[in-house]
Amino acid sequence: MWKSVLSVATGDAAPAPLTSPALMSDATMPGRSPRLRPPALAGFAAAAVASGCFLLAGCSQAGADDADEDQQTTAVAASEQTAADSEDKSAEDKAAADRAEALRKAAVERNAGLPVRVEPVVASFGELQSNTTGTMEVKIHNTGDEPLTFARVTTSCSCTQGSIEHREIVPGDAAILTIRYDAGNINGYEMKRHFAWIEGGRRPVEIPVTVNITGGMERGATTAEPPGGPEVNATPRPARPSVRIEPPVVDAGFLRPEGTTQRTVKIHNTGEHPLRFTRVATDCSCAVGSVEDKEVAPGEHAEMIVTFTARPTVGPLKQTLRVFAAGSRVPVDVEVKAMVTNVINADPFYLNLLAGRTGSLELVATDDTPFRILSMDGEKPSSRAVESADRSATKHIVNWDLTDVADADLRQWFVVETDHPEMPVVDFRVIHPVVLGLGQVEHWTLSHDRLSLGWLNYGETIEREITLVNLRSDSLKDVVSRDGHFDIEIADRTMTPRGLRFTLRATVTAEPGTMIASPIVVRSDDPSYSSRIFIFGKVRDE
């Protein structure tokens, strides 16, 4: 049994791995070297000057004959040059076609085994003027038997960014991947990569992106006048736009597990030139941004909508959204955050025994409903904390002490019982090597490691969909209740791109008034590995 001390102070304050070798480097590919090709007219003029004769001014017959001979020689040379140019062009076209086909085959090979078809396989922008932005769309078709959801898009270079629809793509449907490419000021062929990650997948869908940049500096040159002449040089675009973010940090506050909310942020143009924000990049679908596509004059602002989508687990959500402006490769960083929590927020939401065997927790009712603390891990609070623990408040400070608990007696979760109308049990993960199972080989990971169900009724049946992420075969043996508080069965099971998904059906058999912190054991055909889901709640008194 746990030996613990609970003292409570109250207050009313409101609260990728890709293993195949790369066909081409992601670094910029060398462009074609320019070749000087003097036209026939230039050759003829040179011959006339060399002979000292200009036909329009009159010449001796000998001089004219010499000029004719030189002209014929020049014409022959020009013809030979044209033929050579034609051969070079044919060779270049063939090399480009071979390169494109090789890219296509490599992309198809790398995407083999994924339930998708990419159209087009290679996102080719063709020729793109330097210092401009190109946009195109790629369709990623779901060719499998189960719905797909794309979590995020990553790229091999900040010069290109992608955004994909964060919705469920049913079989036969397609997600639209929008690709933007910011051409630099160096001429030549470039090849980059986009990676579209399927929710729960271990490897992404790969889309090569190619472009031939023209109108800028030749590769290797140190100076060049950009297109548009000196006036362009007079107002160079800044490396990073001059902006002010309002608010400086976008805080969504408390967010329920798997809940969604939105916030608006203003991006003020504090520079001297107009700005147009083109895209917002992020590495997680838990926080995505959408910015107004308009020209923002100095002193004006654009609005960006930030959408937060919480995972099933509790804890802080922190991301950096990178907002790009046209003509600038250095983004504006916007910090966003939220606290994913249940109706009672715990701070911290775990007991870190690595830092010591004593500590304190703050419990805050995010709905401003006063509550009392009734017990801790099934036991009444110590006599030192009884009076304060029995008082209702929207905030409680709980001091815990596990000094006398041996490592072998530690539990994976630490629970506090309350009389809150929505959350009778507050759970805390215990951070300690013994209960974390460090060093255990994982055959899969669970989409949910805990289910906070609140109040339950005797005989009630609940159902939840659970995914054994990365389990690629139907090797699920059974699911059992360790303490007998539930009758458990598997309602159905389905293989998905994310892993094996099954429906957990649990019927409450615990007596009325029972506080539940029940381990549900998931077992596979491999006897060396199992995993657990904890169900937290309390059975109502009849």
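Since we're looking at a predicted model, the values are computed, not measured. (Residues numbered from 1 in each chain as written. Predicted model: local features only at pLDDT ≥ 70, side-chain atom pairs only at ≥ 80, totals over all residues. Heavy atoms only, no water.)

Time to look at the side chain of Gln412. In this structure, Gln412 sits in the loop between strand S24 (395-401) and strand S25 (413-418). Looking at Gln412, the relative accessible area reads 18%, which means it is buried. Separated by 2.9 Å, the side chains of Gln412 and Arg532 make a polar contact. Ignoring sequence-local partners within four residues, the contact set of Gln412 consists of Phe428, Arg429, Val430, Val435, Arg532 and Phe534. (Helix = DSSP H or I, 4+ residues; strand = E, 2+ residues; numbered from the N terminus. Buried < 20%, exposed > 50% of the residue type's maximum accessible area, 1.4 Å probe, protein only. Polar contact = N/O pair within 3.5 Å; in protein donor to acceptor, adjacent residues only side chain to side chain. Contact = heavy atoms within 4.5 Å.)

Applying the stated criterion across every chain, the model contains 19 salt bridges. Two residues, Arg104 and Glu101, come together in a salt bridge whose shortest N-O distance is 2.9 Å. A residue pair is termed a helical-turn pair when its members lie 3 or 4 positions apart in one helix, as Arg104 and Glu101 do in helix H2 (residues 61-110) at three residues. According to the relative accessible area criterion, Glu101 is partly exposed, its value standing at 32%. Between Asp474 and Arg493 there is a salt bridge, with the nearest N and O atoms lying 3.0 Å from each other. (Salt bridge = Lys/Arg side-chain N within 4 Å of Asp/Glu carboxyl O.)

The mixed open sheet is built from five strands, whose spatial order is S12-S19-S18-S14-S16. Of all the strands in the sheet, just strand S12 (249-255) and strand S16 (295-296) have a single pairing partner and so form its edges. For strand S18 (residues 315-325) and strand S19 (residues 332-340), the ladder comprises nine bridges, and the chain directions are antiparallel. Residue Leu317 lies in a different strand from S19, and its bridge partner there is Ala338. (Pairing = 2+ DSSP bridges.)

This part covers empty space enclosed by the protein. In this structure, the largest cavity encloses a volume near 100 Å³. Put simply, the parts of the chain that give the lining of the largest cavity at least two residues each are S19, strand S20 (344-347) and strand S26 (425-431). Tallying contributions element by element places S20 first for the lining of the largest cavity, with three residues. A class-by-class count of the residues in the lining of the largest cavity yields eight nonpolar, four polar and two charged. (1 Å grid on protein atoms, 1.4 Å probe; cavity = no way out; pocket = protein on both sides within 12 Å on 5 of 7 lines; lining within 4 Å. Points joined across faces, edges and corners; volume = space filled by probe spheres on them. Nonpolar A, V, L, I, M, F, W, Y, C, P; charged D, E, K, R; others polar.)

In this structure, Glu137 sits in strand S4 (residues 133-142). On a C-alpha basis, the gap between Glu137 and Leu177 in space is 5.6 Å, while along the polypeptide they are 40 residues apart. Ignoring sequence-local partners within four residues, the contact set of Glu137 consists of Pro120, Ile176, Leu177 and Thr178.

What follows deals with the sheet that holds strand S13 (residues 260-269). Strand order in this open sheet of four strands is S11-S13-S17-S15, and the pairing throughout is antiparallel. The outermost strands of the open sheet, each flanked by one partner alone, are strand S11 (243-246) and strand S15 (287-291). Across the sheet, the mean angle separating the axes of adjacent strands is 25° when strand polarity is ignored. Sheet analysis places S15 next to strand S17 (residues 301-309), joined by five bridges and oriented antiparallel. Bridging from a neighbouring strand, Ala287 pairs with Phe308 of S17. (Axes fitted to C-alpha atoms, helices over the stretch in contact; angles between N-to-C directions.)

Functional significance is not addressed by these values, which are geometric in nature.
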